[in-house]
Amino acid sequence: MTDESLDTDAAFSLLADETRVRILEELGSATASPETGIPRLSYADLKSRVGIRDSGRFNYHLTKLVGNYVAKEDEGYRLRWPGLVLYRTLVAGHLTDEAGSAVDRFAVGTDCHRCGDSIEAYRYETLFRVRCFSCEATYTDVYVPSHGLVDRDRTAILEAVHRRTRTILDSMTSGQCPWCAREVSPEIHEGDGSLPSLHDTRDLEPYVVYHCTDCTGFQYVPVSGVLLYHPATVAFYYDHGLDLTEIPAWELPWAVTDDATTVLETDPWRFRVRIDLADESFVAHLDEDLEVVDAAREPRIDE
Ligand SMILES: [Zn+2]
Ligand SMILES: [Zn+2]
């Protein structure tokens, strides 16, 4: 892997200059909002947008970027894929998010499924959390780029947090790391009274971990949480006039607690999850890979 690490070093070192970052930013904004329909800038345009008079200095830095980050074509300069990724990273705020906008604590409008007090949302450093401050049950803990939070009201912020969580977990539960695209598989952990997060005191027995050991991608959910992304559950809600994909997990006790889950066997694992809606129950059986091996609907019987 020596060659690859040399390439990575070179790719990083190419960015160690303010002028080069400015060039990438100008090409990026030209690509995002092209004036001509073609996301390229002529040499003169690019130079004037970057605002450098010294042609020698500008040429020196531009030449460094041509190749990996920037393509030079007859019609002008455009970003190559690594340059686009970098521009998107800058816009999202990934590299500068520690200083991102603060969001004051506010109630999300749902009561805690454990103690009944109000669940609140807030931003902690780069993480957005939805949790109960009375019993410290945490229902959502996710990284949302600060770009998605600025100048938004609380409803829109919660929508962004919900959608972000869903995107990440939809990918994880389908077997792919959302960050690096490597294959991930569910690991079932026996609940022993503590969860991977110190900020979450839910009693989940057991729970599921998705962990990408290549890039550090990590999420954990109750066993039943996996069903948020299963077509049979989505169809169950749809048939009751509801779009499950629009409902934040923290509003669904069956998805964020283990109350709806019964452990049928432990070796190998077998689970039954029961979800009640109106006069009907959706009952799913899951195996040790958390595949749904059986799904049925039956009249609801309240215990
Ligand atoms: Zn609580
Ligand atoms: Zn990964």
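Residues numbered from 1 in each chain as written. Chains lettered and ligands numbered in written order. Predicted model: local features only at pLDDT ≥ 70, side-chain atom pairs only at ≥ 80, totals over all residues. Heavy atoms only, no water.

Per an unreviewed UniProt entry, the recorded name for the protein chain is ArsR family transcriptional regulator, and the organism is Natrarchaeobius chitinivorans.

Participant: Looking at this model, I keep getting lost on the layout of surface pockets. Mind explaining?
Facilitator: Any space left empty among the atoms is revealed by the rolling of a water-sized probe across them. Taken as a whole, the largest pocket encloses approximately 820 Å³ of empty space. Forming the boundary of the largest pocket are 39 residues, of which Asp141, Val142, Ile168, Phe218 and Gln219 lie nearest the centre. If you list the elements that add at least two residues to the lining of the largest pocket, you get β5 (127-132), β6 (138-143), α6 (154-173), β9 (218-222) and α8 (253-256). Considering every element that reaches the lining of the largest pocket, the biggest residue donor is α6, with seven residues. Residues that form the lining of the largest pocket fall into these classes: 21 nonpolar, twelve polar and six charged. Roughly 280 Å³ of volume is contained in the second largest pocket. Lining the second largest pocket are 16 residues, and of these Thr173, Ser174, Val226, Leu290 and Glu291 lie nearest its centre. When its residues are assigned to classes, the lining of the second largest pocket shows eight nonpolar, five polar and three charged. (1 Å grid on protein atoms, 1.4 Å probe; cavity = no way out; pocket = protein on both sides within 12 Å on 5 of 7 lines; lining within 4 Å. Points joined across faces, edges and corners; volume = space filled by probe spheres on them. Helix = DSSP H or I, 4+ residues; strand = E, 2+ residues; numbered from the N terminus. Nonpolar A, V, L, I, M, F, W, Y, C, P; charged D, E, K, R; others polar.)

Participant: Before we go on, may I ask you to explain the coordination of the zinc ion (ligand 2) in this structure?
Facilitator: Metal coordination angles have textbook ideals: 109.5 degrees for a tetrahedral set of four donors and 90 or 180 degrees for an octahedral set of six. Cys177 (SG), Cys180 (SG), Cys212 (SG) and Cys215 (SG) make up the full set of protein donors to the zinc ion (ligand 2), lying at 2.2 to 2.3 Å. The coordination sphere of the zinc ion (ligand 2) comprises four donor atoms, whose angles at the metal cover 102 to 114°; the geometry is tetrahedral. Binding-site remark: the zinc ion (ligand 2) is held by donors from one chain whose sequence spacing is C-x2-C-x31-C-x2-C. (Donors = N, O, S within 2.8 Å, 3.2 Å for Na, K, Ca; no water. Tetrahedral: all angles 85-135°; square planar, octahedral: opposite > 155°, others 65-115°.)

Participant: Even after reading the chapter, I still don't get the nonpolar core, so can you show me in this structure?
Facilitator: One recurring pattern in soluble globular proteins is that nonpolar side chains are buried together. Counting 53 residues, the largest nonpolar core has Phe128, Leu228, Tyr237, Leu252, Trp254, Ile275 and Leu290 as its most contacted members. With six residues, the single largest contributor to this core is α6. Setting aside residues no more than four positions away along its own chain, Trp254 makes contact with Ser224, Leu227, Leu228, Thr233, Tyr237, Leu244, Ala260 and Ile275. Ranked by size, the runner-up nonpolar core spans 21 residues in total, among them Ala11, Ile23, Leu24 and Ala30. (Core = buried A, V, L, I, M, F, W, Y, C linked by side-chain atoms within 4.5 Å. Buried < 20%, exposed > 50% of the residue type's maximum accessible area, 1.4 Å probe, protein only. Contact = heavy atoms within 4.5 Å.)

Participant: Quick question: what am I supposed to make of the pairing of β6 here?
Facilitator: For a regular strand, the rule is simple: side chains alternate between the two faces of the sheet. In terms of burial, β6 is a largely internal element, five of the six residues being buried. Pairing geometry for β5 and β6, over five bridges, is antiparallel. If you follow Arg131 over to β6, its bridge partner there is Thr138. Between β5 and β6, which pair antiparallel in sequence order, lie five residues; one of them, Glu136, sits at a positive phi of approximately 65°. (Pairing = 2+ DSSP bridges.)

Participant: I'm lost on the environment of Ala278 in this one. Help?
Facilitator: Relative to the assigned elements, Ala278 resides in the loop between β11 (269-277) and β12 (280-286). The class for Ala278 is exposed, based on a relative accessible area of 54%. Separated by 120 residues in sequence, Ala278 and Leu158 have C-alpha atoms that sit 26 Å apart. Residues in contact with Ala278, not counting those within four places in the same chain, are His240 and Arg300.

Participant: When you look at the packing of helix α2 (residues 18-32) against helix α5 (residues 81-92) in this model, what are you seeing that I'm missing?
Facilitator: If you want to describe how two helices pack, look at the angle between their axes and the distance between the axes. The N-to-C vectors of α2 and α5 enclose an angle of 90°; their axes lie 9 Å apart at closest approach. In terms of axis orientation, α2 runs roughly perpendicular to α5. When α2 is examined against α5, the residues Val21, Leu24, Glu25, Gly28, Ser29 and Thr31 are found in contact with a partner set consisting of Gly83, Leu84, Leu86, Tyr87 and Leu90. For the contact of α2 with α5, the residue count by class is six nonpolar, four polar and one charged. (Axes fitted to C-alpha atoms, helices over the stretch in contact; angles between N-to-C directions. Parallel < 35°, antiparallel > 145°, perpendicular 65-115°, else oblique.)

Participant: Sorry if this is basic, but what is going on with the UniProt feature "domain: DUF7351" (unreviewed entry) in the protein chain here?
Facilitator: The UniProt record annotates "domain: DUF7351" (unreviewed entry) at residues 110-292. Spanning residues 110-292, this segment combines 18% helix with 31% strand, and its end C-alpha atoms are found 29 Å apart. (UniProt positions renumbered as here; feature names shortened; annotations may be inferred.)

Participant: Would you explain the coordination of the zinc ion (ligand 1) in this entry?
Facilitator: Bound to the zinc ion (ligand 1) are the protein donor atoms Cys112 (SG), Cys115 (SG), Cys132 (SG) and Cys135 (SG), situated 2.3 to 2.4 Å from the metal. One can describe the site at the zinc ion (ligand 1) as tetrahedral: its four donor atoms subtend angles covering 97 to 118° at the metal. Along the chain, the residues that donate to the zinc ion (ligand 1) are spaced as C-x2-C-x16-C-x2-C.

Participant: Explain the sheet that holds strand β4 (residues 118-124) here, please?
Facilitator: Within a sheet, neighbouring strands are paired by backbone hydrogen bonds and run either parallel or antiparallel to one another. The strand order across the open sheet formed by four strands is β3-β4-β5-β6, and the pairing between neighbours is antiparallel. The open sheet has two edge strands with one neighbour each: β3 (106-111) and β6. Strand-to-strand twist across the sheet, computed as the mean angle between neighbouring axes with direction ignored, equals 20°. Alignment of β3 against β4, held across three bridges, turns out to be antiparallel. When the sheet's bridge partners are listed, Asp111 is paired in β4 with Ser118. Across the face of the sheet, α6 comes into contact with β3, β4, β5 and β6 while running at roughly 80° to β6.

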